[in-house]
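Understanding the architecture of this molecule
Each chain, written out:
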Amino acid sequence: VTQTKPIVPRIHIALTHDPIDHHSFDSYVAHPDSGAHAWFLGVTRRTTNDRITDHLFYEAHESMAKSQMDHIAISAASRFNLFAVVIIHRLGKVDIGQSSIAVGCSSAHRIESFESLAWIMDEVKRDVPIWKRETYAGGQQEWVHPVGPS
Amino acid sequence: MKRSLEIELFAGVRTTLGKPSLTIEIDDQQTCVASDVLQAIANQYPEIAGMIPACRLAIDGVYVGHDHTIDPSCRFDLIPPVSGG
């Protein structure tokens, strides 16, 4: 009998001050019954409207952020029948083009992976206590506290 | 009788006040809920009063609703709108 539904999904969450190498988790998300591996990378964007960003800086309530990320990953695995979930968030200075977050997963079919990445990112952006501070090209700094969906 | 609560601050709220935590006084004789704490912060720290309606209170690392009863022995965090991802 072919196993198509994960029994114990693999969950890895982390906060890191180092650049994120999501390829190092390719084997972690692999599963012989998976037909889809998917990754989302959130990266520092240079232009927002007419403002030029020099870099971002992220800080977290670390213990609470890890707890929230763990909860989101476990919920996603159950909700979308995932074999594995990885959520890694960067802290500290993140330059243009570098990843601030990597979310990876695997599932039997592509639709679960596609949908889970969007769902996980929405949950992260709503509940995980991590904040970014923009430093603009002119040196001005500003914490980002969005009100409503972002 | 009054009792002090220390509340940890983050990001823009911390930067605006220029310190990592704040202290509020609450009435020890009456039942205090989370919304009372948020209101007390707004009253006692007008510099950040405009930010409080968008903030959440976390107790011992868990978000709580406005009607959650306060145990002063817990850890309190003022969580402004998050912007990770």
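Further up the page is the structure itself.
First, a word on what this report is: a plain description of the structure on this page. (Residues numbered from 1 in each chain as written. Chains lettered and ligands numbered in written order. Predicted model: local features only at pLDDT ≥ 70, side-chain atom pairs only at ≥ 80, totals over all residues. Heavy atoms only, no water.)

Regarding helix H2 (residues 34–44) of chain B
Note: α-helices contain 3.6 residues per turn, so residues at a spacing of three or four share the same orientation. Under the convention used in this document: Each residue is assigned to one of three classes by its accessible area relative to the maximum for its type, calculated with a 1.4 Å probe on protein chains only: buried under 20%, partly exposed between the two thresholds, exposed over 50%. Labels follow the DSSP assignment, with helices taken as runs of H or I lasting at least four residues and strands as runs of E lasting at least two, numbered in each case from the N terminus. Contact definition: two residues touch when any of their heavy atoms are within 4.5 Å.
Buried residues of H2 of chain B: Ala34, Val37, Leu38, Ala40, Ile41 and Ala42 of chain B, and no others. Of the surrounding secondary structure, the elements contacted by the buried residues of H2 of chain B are strand S1 (2–8), strand S2 (21–27), strand S3 (56–59) and strand S5 (76–79) of chain B.

Some words on the interface of chain B and chain A
Basically, it comes down to this: The term buried area denotes the loss of accessible surface (1.4 Å probe radius) that occurs when two parts are joined, taken as the sum for both partners. What counts as a salt bridge is simple: a side-chain nitrogen of Lys or Arg found within 4 Å of a carboxyl oxygen of Asp or Glu. Pairing of N or O atoms within 3.5 Å defines a polar contact, subject to two protein rules: one partner must be a possible hydrogen donor and the other a possible acceptor, and residues neighboring in sequence count only if both atoms are side-chain atoms. Polarity classes work like this: nonpolar for Ala, Val, Leu, Ile, Met, Phe, Trp, Tyr, Cys and Pro, charged for Asp, Glu, Lys and Arg, and polar for all others, with Gly in that last group.
Between chain B and chain A, the residue contacts involve 22 residues of the former and 24 residues of the latter. In total, chain B and chain A occlude about 1700 Å² of area from one another, counting both sides; carbon and sulfur atoms represent 57% of this. For chain B, the biggest contributors to the area lost against chain A are Val82, Ser83 and Gly85 of chain B; these three give 35% of the whole. Viewed at the interface, chain A and chain B are joined by two salt bridges. Joining chain B to chain A, the criterion identifies 20 residue pairs in polar contact (both at pLDDT 80 or more). Breaking the side of chain B that touches chain A down by element, the ones donating at least two residues are helix H1 (11–17), S3, strand S4 (62–63) and S5 of chain B. Looking at the side of chain B that touches chain A element by element, the count peaks at five residues for H1 of chain B. Considering only residue class, the side of chain B that touches chain A consists of 12 nonpolar, six polar and four charged.

Read these as spatial facts, not as claims about activity.
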